[in-house]
Amino acid sequence: GAVVSQHPSWVICKSGTSVKIECRSLDFQATTMFWYRQFPKQSLMLMATSNEGSKATYEQGVEKDKFLINHASLTLSTLTVTSAHPEDSSFYICSATGTPYYEQYFGPGTRLTVT
Amino acid sequence: AQSVTQLDSQVPVFEEAPVELRCNYSSSVSVYLFWYVQYPNQGLQLLLKYLSGSTLVKGINGFEAEFNKSQTSFHLRKPSVHISDTAEYFCAVSGYGAAGNKLTFGGGTRVLVKP
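Conventions used here
Residues numbered from 1 in each chain as written. Chains lettered and ligands numbered in written order. Predicted model: local features only at pLDDT ≥ 70, side-chain atom pairs only at ≥ 80, totals over all residues. Heavy atoms only, no water. Contact = heavy atoms within 4.5 Å. Buried area = accessible area lost by both parts, 1.4 Å probe. Salt bridge = Lys/Arg side-chain N within 4 Å of Asp/Glu carboxyl O. Polar contact = N/O pair within 3.5 Å; in protein donor to acceptor, adjacent residues only side chain to side chain. 1 Å grid on protein atoms, 1.4 Å probe; cavity = no way out; pocket = protein on both sides within 12 Å on 5 of 7 lines; lining within 4 Å. Points joined across faces, edges and corners; volume = space filled by probe spheres on them. Helix = DSSP H or I, 4+ residues; strand = E, 2+ residues; numbered from the N terminus. Nonpolar A, V, L, I, M, F, W, Y, C, P; charged D, E, K, R; others polar. Disulfide = S-S within 2.5 Å. Buried < 20%, exposed > 50% of the residue type's maximum accessible area, 1.4 Å probe, protein only.

(A) Main features of the interface of chain A and chain B. Each side of the interface is counted separately: chain A has 22 residues, and chain B has 21 residues. Buried area between chain A and chain B, both sides added, is near 1700 Å², and the carbon and sulfur share of it is 54%. Area buried by chain A at its contact with chain B is led by Tyr101(A), Tyr102(A) and Phe106(A), which between them contribute 32% of it. Applying the counting rule to chain A against chain B returns two salt bridges. Two residues, Lys49(B) and Glu103(A), come together in a salt bridge whose shortest N-O distance is 3.1 Å. On the surface where chain A and chain B come into contact, there are six residue pairs in polar contact (both at pLDDT 80 or more).

(B) Layout of the layout of surface pockets. Reported here for the largest pocket is a volume of approximately 350 Å³. In terms of lining residues, the largest pocket is bounded by 17 residues, among which Lys41(A), Gln38(B), Pro40(B), Asn41(B) and Arg110(B) are the most central. Elements represented by at least two residues in the lining of the largest pocket include exactly β10 (87-95) and β12 (109-114) of chain B. Ranked by residues supplied to the lining of the largest pocket, first place goes to β12(B) with three residues. Grouping the amino acids of the lining of the largest pocket by side-chain chemistry returns eight nonpolar, five polar and four charged.

(C) Seen up close, the state of the cysteines. Evaluation of the coordinates by the stated rule reveals two disulfides over all chains. The disulfide partner of Cys23(A) is Cys94(A), and the S-S distance across this bridge is 2.0 Å. Between Cys23(A) and Cys94(A) the sulfur-sulfur dihedral comes to about 80°; the bridge is accordingly right-handed. Here Cys94(A) lies in strand β9 (residues 90-97) and Cys23(A) lies in strand β3 (residues 19-25), a separation of 71 residues in the sequence. A disulfide bridge connects Cys23(B) with Cys91(B), and the sulfur atoms are separated by 2.0 Å. Classification of the bridge connecting Cys23(B) and Cys91(B) rests on its S-S torsion, roughly -65°, and on that basis the disulfide is left-handed. One end of the pair, Cys23(B), is in strand β4 (residues 23-27); the other, Cys91(B), is in strand β10, and 68 residues separate them in sequence. Each member of the pair, Cys23(B) as well as Cys91(B), carries the same accessibility label: buried.

In C-alpha cells:
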C-alpha cells in the first residue's frame, strides 16, 4: 500500500515553455502533498506544501509564480514550471501523507531538462 | 525549527563488512526520526522510523538504528552489507505536530559497497 506515482518520469522542454508534473496517491487519500527539488549529489529541498483545496505554502526563496502548485483532489497534485529556463533543470520529487500524518510516501521523481 | 547533520558524505565499505551511518539532529521540540534510501534516479524509500518507545528500531533490508536522546543522534547500522546496498542514504526529522509535518533532511551519505 501507500504508493505514490509521478508523471512523467522524465521530460525535456525548450526554454520559455511550461511543463506540468503530476503526483498521484494511488491507494490512499493524501491530505497533504509536498514538492521537493533535488540537484545532483545533493539533498532534497522542500519547495512547497499543499493541502487539498487550499493554496500551497511555499518555502522561502521559492518563486510562487514560477512554480505553480495545484492540489485539486485528495489523490492529485500538480506542479507546473512556467517559462522554464535551463537553471530549472533538476529532479523533482513529490511526497504525500494520509493517515498516519507523520509518514511521507515518496514518488519516483521526475527529471526535468530545459534546453 | 530542526536541523539534521549527516557526518559522513561518503562511506566506502567492503561487501559483507558492517557499516554505520551517523546522523545528529537539533530540535526545540520532540521529533520523529526517519532514514530513507535513494537509488540512482529514483525516489526515496523508507528504511525505518522512530516515533516513540524502544530506542532500537529495526527496518527493512537488515538495517537498524538507535535513537539516543541525550546525544541527539539516530545512527543507522547494518552488520553485513551487500553490493545492492550501494545508494544514497538520508536521515530526516519532523517535529511532533509540526506545521504540515514537514521533513528536514540531512545532506545525505553515499554508500559505496566494494566487492
